[in-house]
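Summary of the model geometry
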Amino acid sequence: MADTSTILDRRARLLGPNMTTFYTKPVHVVRGEGAWLWDAEGNRFLDCYNNVPHVGHAHPKVVEAITRQAATLNTHTRYLHEGILDYAERLTGTMGHDLETVIMVCTGSEANDIALRMGRAVTGKYGIICTDNTYHGNTDLVSHLSAKRTPIGGPLDWVKKVPSPDQLAPLGGSAEAQAQAFADEVQKAIDALDAEGHGFGTLILDPFFANEGFPDLAKGFLDPTVEVVRRAGGIIIADEVQPGFGRTGRNFWGHDRIGLAPDIVTMGKPMGNGHPVAAVVTRPEIMAEFRNRFGYFNTFGGNAVSAAAAMAVLDVLDDERLVDNARDTGDYALGLLRELDHPMIADVRGAGMFLGLEFAIDGDTKAAAGFCKQLVNEMRDRRVLLNAVGRHYHGIKIRPPMCFDRAQADLLVETLDAVLKALPA
């Protein structure tokens, strides 16, 4: 089998330059099972980062469902098949707020692109508001929301980015003031969009604020923001690609955890446990307006195999009580993490199978970015995979498959403790 440098050279030649890889020494994975990955040399890694294999790498029930359906039929959705309908009923059955209609697509990027167009269809307005430290995908439209790289042509006037909530430096100067301060920023953005002639149509956010560093926000935090958006006649999109399908442990959806009633919900990666399937869920009247205005069609979205994969994920979540496991194991792991002792740990937080630590040097989070990078790479060398998060990549994100257990949590924290002690503060 080829060595790492040969593979990297082939990637650059065949796939182009600047292909993203994790870690200073990329991991050449060849097999996965549950929360474990194996590399080409037979080394076993504890996967504490990938939310794509939501119910575990290569889960046999998902593999069997895909295989069975692929051996029977797979075609596009201009033919009738009941698999997509059965799944749509099951999926919407997990939601309230009259969210009863579904468009299935292949990626979260597509889902968010459609959701933003739904907002335009319903409101007739172009203006979009998102946070200033977010990521929602990579279609041309959605890429303009990304905080990390400005698309060619520069920022768009009709996309306004508001300061994201923060744990250590809360908007408004305190945790108590942050909810209203965030709503005030959204109001400023609405006023600017109206003044510039674009009009305000849509607010899109991850209700767990995952890429923003998942600050610990109380249920009802978004109530003042919802009031502002509703008064302006806007639409709210909840991007559930990261917190959805029970990851936070006590709610199946991130929007329920924070007490938000969205108009549109999007989802992606975890939905098919690695199979490329995603979806948009919305109210019937919004769907009707979108369908009439855009006539949208997706060749592969909702094909029979994708529907079977997605249904199998819901089956496994129920059969193995994985949302309960996310709660129980997540609480256990969070308790262990809070026992870690290091002078640069500024905060430890999370919910369910979504945990993390934030680092700072004398209160300066940006100064901790280099330390955090070292930490992530040293953990990789000790065969525990996690990654950086936050505005300056000054924290670590722990987001394992939902089957993660207490013994694996022990291994994670023991390894992290050893690395923290080994690295210079």
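One can find the structure itself at the top, above this paragraph.
Notes on the structure follow. These numbers come from a predicted model, not from an experiment. Residue positions within a chain follow its written sequence, with the count starting from 1. Local features are withheld for residues below a pLDDT of 70 in this predicted model, meaning they are given only at 70 or higher, and side-chain atom pairs are given and counted only at 80 or more; totals for whole chains, interfaces and linings count all residues. Side-chain descriptors were evaluated using all non-hydrogen atoms of the structure, hydrogens and water having been removed beforehand.

1. Things to note about the overall build of the protein
We apply this condition: Comment: elements are numbered from the N terminus, with helices defined as DSSP H or I runs of at least four residues and strands as E runs of at least two. With the radius of gyration taken over C-alpha atoms, the globule rule is written as 2.2 Å times the number of residues to the power 0.38. For every residue, the accessible area obtained with a 1.4 Å probe (protein chains only) is divided by the maximum for its type, and the residue is called buried under 20%, exposed over 50%, and partly exposed between those limits. Contact criterion: two residues are considered in contact whenever any of their non-hydrogen atoms come within 4.5 Å of each other. For the area figures, the Shrake-Rupley method with a 1.4 Å probe applies, and any residue is considered shielded solely by the protein chains shown. This count recognises Lys and Arg as positive and Asp and Glu as negative, with His and chain-terminal groups excluded. Charged side chains are reduced to one point each, which is NZ for Lys, CZ for Arg, CG for Asp and CD for Glu.
From N to C terminus, the protein includes 13 helices and 15 strands. Relative to the 2.2 N^0.38 estimate, which gives 22 Å for 425 residues, the radius of gyration of the protein is 21 Å and therefore close to what a compact globule would have. By its C-alpha atoms, the protein is 60 × 60 × 45 Å across when sized along the principal axes. Out of the 425 residues in the protein, the part that is buried amounts to 55%. For the protein, contacts bridging at least 24 residues in sequence account for 74% of all contacts bridging at least 6. Entry remark: accessible area of the protein is about 18,400 Å², with carbon and sulfur atoms responsible for 49%. Counting 42 positive and 54 negative side-chain charges, the protein places the averaged centre of each group 4 Å from the other.

2. So, helix α7 (residues 223–231)
Note the following rule: Throughout, the arc means that of the directions going from the helix axis to the C-beta atoms.
By the burial criterion, the buried members of α7 are Pro 224, Thr 225, Val 228 and Val 229. End-on view of α7: buried residues confined to an arc of 135 degrees, all on one side of the axis. Looking at α7, the residues exposed on the side facing more than 90 degrees away from the buried face are Glu 227 and Arg 231. In this structure, the buried residues of α7 make contact with α6 (175–195), β7 (200–205) and β8 (235–239).

3. Concerning the pattern of salt bridges
Our working rule: For salt bridges, the criterion is a side-chain nitrogen of Lys or Arg within 4 Å of an Asp or Glu carboxyl oxygen.
Inspection of every chain in the model, using the stated rule, returns 24 salt bridges. Where Arg 230 meets Asp 263, a salt bridge forms, and the shortest distance between an N and an O atom there is 2.7 Å. A residue pair is termed long-range when its members are at least 10 positions apart, and Arg 230 in helix α7 and Asp 263 in the loop between α8 (254–258) and β9 (264–267) qualify at 33 residues. Between Lys 421 and Asp 417 there is a salt bridge, and its shortest N-O distance comes to 3.1 Å. Taken together, the residues Lys 421 and Asp 417, both in helix α13 (residues 406–422) and four residues apart, mark about one turn of the helix. Using a relative accessible area of 62% as the deciding quantity, one classes Lys 421 as exposed. For Asp 417, a relative accessible area of 23% gives the class partly exposed.

4. Some remarks on the packing of helix α11 (residues 322–337) against α13
Note the cut-off: Here an angle of 0 to 180 degrees is reported between the N-to-C directions of two axes, which are lines fitted to C-alpha atoms, with helices fitted over the stretch in contact. Our angle categories are set so that under 35 degrees counts as roughly parallel, over 145 as roughly antiparallel, 65 to 115 as roughly perpendicular, and the remainder as oblique. With the far helix as reference, a near helix turned anticlockwise by less than a right angle produces a left-handed crossing, and one turned clockwise produces a right-handed crossing.
At a minimum axis separation of 10 Å, α11 and α13 run at an interaxial angle of 20 degrees. In terms of orientation, α11 and α13 fall into the roughly parallel class. Every pair of crossing elements has a handedness; the one defined by α11 and α13 is right-handed. Along its contact with α11, which presents Asp 328, Thr 329, Tyr 332, Ala 333, Leu 336 and Leu 337, the element α13 presents Arg 406, Ala 409, Asp 410, Val 413 and Leu 416.

5. Digging into the pairing of strand β5 (residues 127–131)
For the record, the criterion: By the convention used here, strands pair only if DSSP detects at least 2 bridges between them.
Counting buried positions along β5 gives five out of five residues, so the element sits mostly inside the fold. Burial of β5 is two-sided: the residues Gly 127, Ile 129 and Thr 131 facing one way and the residues Ile 128 and Cys 130 facing the other way are all buried. As paired elements, β5 and β7 share three bridges and run parallel to each other. Across the sheet, Gly 127 pairs through a bridge with Phe 200, a residue of β7. Bridging between β5 and strand β6 (residues 159–162) involves four bridges; their strand directions are parallel. Following the sheet pairing, Ile 129 is matched in β6 by Lys 160.

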